[in-house]
Amino acid sequence: MVNMVLTRTYSAPAFDKKEIFRYAGVRGGAPELDTLLQECLNEVESKLVYRVCYREFAVTHHDSYLDLGFIKTESMGLKKNLFCCESIVLFAATVGIEIDRLIARYATVSPTKSLLFQAIGAERIESLCDVFCREIAEEKAKLGFQTRPRFSAGYGDFPLEAQKEIFAVLDCSRKIGLTLNQSLLMSPSKSVTAIIGVGK
Amino acid sequence: MKITDYLKEHILYLDGGMGTLLQAHGLCPGELPERWNISHPEVIKAIHREYFNAGSNVVNTNTFGANCLKFSPEELEDIVRSAIDNARAALAESQGKQPKWVALDVGPTGRMLKPYGDLDFDDAVSVFAQTVKLGVKYGADLIMIETMNDSYETKAALLAAKEHSDLPVFVSNAYGEDGKLMTGATPTAMVAMLEGLGADAVGVNCSLGPKALVGVVEEYLRYASVPVLLKPNAGLPKAVNGETVYDVFPDEFAEDVASLIRCGVRIAGGCCGTTPDYISATIKASADILPVTVEKKNITCVSSYTHAVVFGESPILIGERINPTGKKRFKEALKAHDVDYILKEGIAQQEKGVHILDVNVGLPEIDETEMLKTAVCELQAIINLPLQIDTSDPVAMEAALRRYNGKAMINSVNGKQESMDAVFQLAKKYGGLVVALTLDENGIPDKAEDRLAIARKILSESEKYGIEKKDIIFDPLAMTVSADQNAAKETLRAVGLIQSELGCHTSLGVSNVSFGLPGRDMVNGAFFALALGQGLSAAIMNPYSQEMMKAYYTYRTLAGLDDNCADYIAFAETVPQAVAPAAPEKNATAPSEDEFASELQRAIIKGLKEQAAGLTERMLATVTPLQIVQEDIIPALNTVGEGFENKTVYLPQLLMSAEAAKAAFEVIKLRMSGETATDKCAFVVATVKGDIHDIGKNIVKLILENYGFPVTDLGRDVSPEAVVKETVRLHASIVGLSALMTTTVPAMEETIKQLRREAPWCKIVVGGAVLNQEYADAIGADKYAKDAMETVRYAEEINRSLKGAYNDF
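### Some remarks on the sheet that holds strand β4 (residues 142-148) of chain B
Where strands meet in a sheet, backbone hydrogen bonds hold them as pairs that are either parallel or antiparallel. Residues and elements named next belong to chain B. One open sheet accounts for eight strands, arranged β1-β10-β7-β6-β5-β4-β3-β2; its pairing is parallel. Every other strand in the sheet has two partners, leaving β1 (12-13) and β2 (58-60) as the edge strands with one partner each. As judged from the three bridges shared by β2 and strand β3 (residues 101-106), these two strands associate in the parallel manner. The residue of β3 that forms the bridge with Val58 is Trp101. Its contacts with the sheet place helix α4 (residues 41-54) against β2 and β3, and it is angled at close to 155° to β2. Lying on the sheet, helix α6 (residues 121-137) is in contact with β3 and β4; it crosses β3 at an angle near 165°.

Written out as structure tokens, the structure is:
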């Protein structure tokens, strides 16, 4: 296990229009929005980055709490998720600040586009997380391990306050340009931090 | 010896990594390394000493994250003092005979600045100022601002260093593999801004190995007139057999850095993963290289937070539309503090292809300083063009320059002593390209030669401030040809003279030339083309003017500046070849017939913005504005709103219709300018303190405006006090509060509490992802609205009951 923050950069995962519409609150298809969405996709394509930084930690299971190496937590949800795990991969991912700029820019001239960019951003960051998690799962499988679904601060009883510790150990600002605000919000906003459990 | 003098003749060697070495000494994940200055001074001293022994001229103190956001004032002072003491002790104990200095290391705060983060620019300056003052107090020899990956934060740090010390300041940024900072700036943009602010050296550190930084370093060397610094990582960290290793080893690192020293790098060291071995190898590999002289580059440019605009061969277009002069609607927007109006003007001009935006918001009735500052901040949040700040008020100019994220154009100075005294001082402090008008106490001379003389006078005055010639661009003033038939000719001659005699760039406000003539656009276009032929570099112009754009594109093609005439061809396709009198626009007819709905209604329902505006325009010829609103716009909105509530219409479609309706309203507003158009009660909206999500709030605002409510939008992250103040001032009947996160619900509750006390008359409606009826009841709101339509319905209900109440009297 490597006790250091590593980074990976990806090229754009394929866009999932259906998923984007779902994030925009549209159920089923909406042909009249297709042109507009395509305009947004053309505009956004070259502006995004796909950056991840991550670090591995050993997990120690105790009766009443978990020791994740950078934080001790009593979260039952996380305990369940990390059942039988020996280690975790803690990661932070972002698609960069440009999507925030587009959302803000179009809030003035076209709230519809602003909403679509919002949805695109959500779809992008989830796709990035999927790509990263799949890659980690494959790498761990070669070593005979299985991974668990990713689990973020703020899920269930794993408090959002854990973001402070996560940012401290991942050096997110330096590694991928991701920062944490005082109200525990991330900037750029289309970003995710999460834990991937690794076990037999 | 002063480090800046030593640098004139020598390559200056810096130290290598600190953080990676501390980890090897047992620094835990998440532990703050700055505390080791106090808890492990021997370790810190030993690392510094090894670097000095390896030949470093400069070591950075272990103060990367030493700022008052992470430490109390007392602890911060202890840390900075002991950090400098440790470096000084190491310097004294070290064996190397080379001249040695101690640099106060200043790293990023780790927080993002507003508007995309929550740290205010001025607060960031004060944070850095505290560290800088301590560095000065405890005897640092220079300040090293490093690993900055955002241009705005870099500016805050450099400004703090310049305002609170006289020490030399080196500034180094961290670039991604795409050759840009994390927030988008190119090396050229950073060089432009940092040189303007007075950095003594600029450069690159961290993030990548030396090979991967070659492109970035070369760009620095091409543009910088100060020494360039390079402090790369030992490549990238990789996992090998469970160990982390950096993939570039000392010999390869040294060779790569040496070859960049050969290209002109004057200050070299290492960052993450490098050790004293890397530094000694680098010194050895570059021992025989003669330092390359740092040349003045004489490049005239301005920059934004993403890119630089260089003045030279291709003409630069400066959009003039953000200016209230002669624009009734713009004046009203300014008085109403309608910043959106300004932003739209900015976006529209950018879409027309201008390179720089002029920003003038001067109006006697408003606080220009506050408005200019706001306009600059809001524009640079969403538009990446460099700005030309246009004001005659030095106080407003300074406020805007301070906040500007880049190197601005400063509009303007002139040959009057008073003007030069005020403007050059600001240009010296904040940097900028100064537009200099060739007029003085005696007015505007008729003859080109006399304007040239004023230009000379301005240059000699600017020299006294140390402002270089490249940072002055002359405007020899286009005068009205209908008043003096030689006016245009003399201006054109002045353009040529200033270029040939002084070697300076010129800019013109073109449209003045045609004042009083019919078909002004034609005259402007021809004059612009002639001026370009004389060597004009830039024009302040109206990008909606077809003739001006024609002159621009044809000039570029004829002057050999347009590869394969591609830009011209693309432009020509957009130019209507209209010969016949314009027929009614075809696309002004909305699709799909429906006997119950009018054309305008259908356009709104289908969300067709241009059509809605066009139809409204036409209808205004025969129908009163009020009739259009009541018989077309509102019924259309109701149709869509009901569809949304019945889930046959989705949010994006609701918004498209709202935008179309807004476009129709905008046409009506233009017509009714000055008249009060609403009988609806005042509505205040805000996203509460601590929360920066505003999409939901913006949607609510848009739909409410559609229904005729005068909405005052206080923005996001708004304090309870600010909500109360505005509600009381407007005596608003309804306040809408939005929160997305659980953590900000208490702020919403506090806002409601204060509103109840200070503005007991107002109704409070709340919404946002975390809220539900239960929460809303618990925090004492009058109403929980699940979406924008429900908010509108509620507002209509309150409005009716209020009017009913009045009727009862």
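What follows continues from the structure just given.
### Brief notes about the side chain of Ser172 of chain B
Residues and elements named next belong to chain B. Within the secondary structure, Ser172 sits in strand β5 (residues 169-173). Exposure remark for Ser172: the relative accessible area of 1% places this residue in the buried category. Within the structure, the side chain of Ser172 is placed 2.7 Å from the side chain of Asn205, a separation counted as a polar contact. In this structure, Ser172 is in contact with Ile145, Glu146, Thr147, Met148, Gly203, Val204, Asn205 and Leu229, ignoring residues within four places of it in sequence.

### Digging into the packing of aromatic side chains
Residue and element names in this part refer to chain B. A full pass over the atoms with the stated rule returns 14 aromatic pairs over all chains. Ring geometry for Phe253 versus Tyr278: centroids 5.2 Å apart, planes at 85°, classification edge-to-face. With Phe253 in helix α10 (residues 250-263) and Tyr278 in helix α11 (residues 276-285), this pair connects stretches of sequence that are 25 residues apart. Since its relative accessible area comes to 0%, Phe253 is described here as buried. For Tyr278, a relative accessible area of 6% translates into the label buried.

### Quick notes on the domain arrangement of chain B
When the domains of chain B are assigned, the result is domain 1 (3-285), domain 2 (301-574), domain 3 (586-672) and domain 4 (683-808). Computed from C-alpha atoms alone, the centre-to-centre distance between domain 2 of chain B and domain 3 of chain B is 39 Å.

### Looking at the confidence of the model for chain B
Across chain B, pLDDT averages 92, with 96% of residues at or above 70. Both confidence scores are given for the complex: pTM 0.88, ipTM 0.93.

Calculation rules
- Each chain has its residues counted from 1, following the order in which its sequence is written.
- Chains carry letters and ligands carry numbers; both start at the beginning, A for chains and 1 for ligands, and go up in the order they are written.
- Only residues with pLDDT of at least 70 get local features here, since the model is predicted, and only at 80 or more are side-chain atom pairs given and counted; chain-wide, interface and lining totals rely on the full set of residues.
- Water and hydrogen atoms were dropped before computing side-chain values, which therefore reflect all heavy atoms in the structure.
- Pairing between strands is defined by DSSP: at least two bridges between them are needed.
- Runs of H or I in DSSP of at least four residues are treated as helices and runs of E of at least two as strands, each being numbered from the N terminus.
- By the convention used here, residues are in contact when the closest approach between their heavy atoms is within 4.5 Å.
- Helix axes are fitted to C-alpha atoms over the stretch in contact, other axes to C-alpha atoms as well, and angles between N-to-C directions run from 0 to 180 degrees.
- We call a residue buried when its accessible area falls under 20% of the maximum for its residue type, exposed when it is over 50%, and partly exposed in between, using a 1.4 Å probe and counting protein chains only.
- For the purposes of these results, a polar contact is taken to be a pair of N or O atoms within 3.5 Å, where, inside protein, one atom must be able to donate a hydrogen and its partner to accept one; residues adjacent in sequence count only when each atom of the pair is a side-chain atom.
- Aromatic rings from Phe, Tyr and Trp, taking only the six-membered ring of Trp, are treated as a pair when their centres fall within 6.5 Å; an angle between ring planes under 30 degrees marks them as stacked, one over 60 as edge-to-face, and anything in between as tilted.
- An automatic or database domain assignment provides the domain bounds reported here.
- For every residue, the predictor assigns a confidence score, pLDDT, that lies between 0 and 100.

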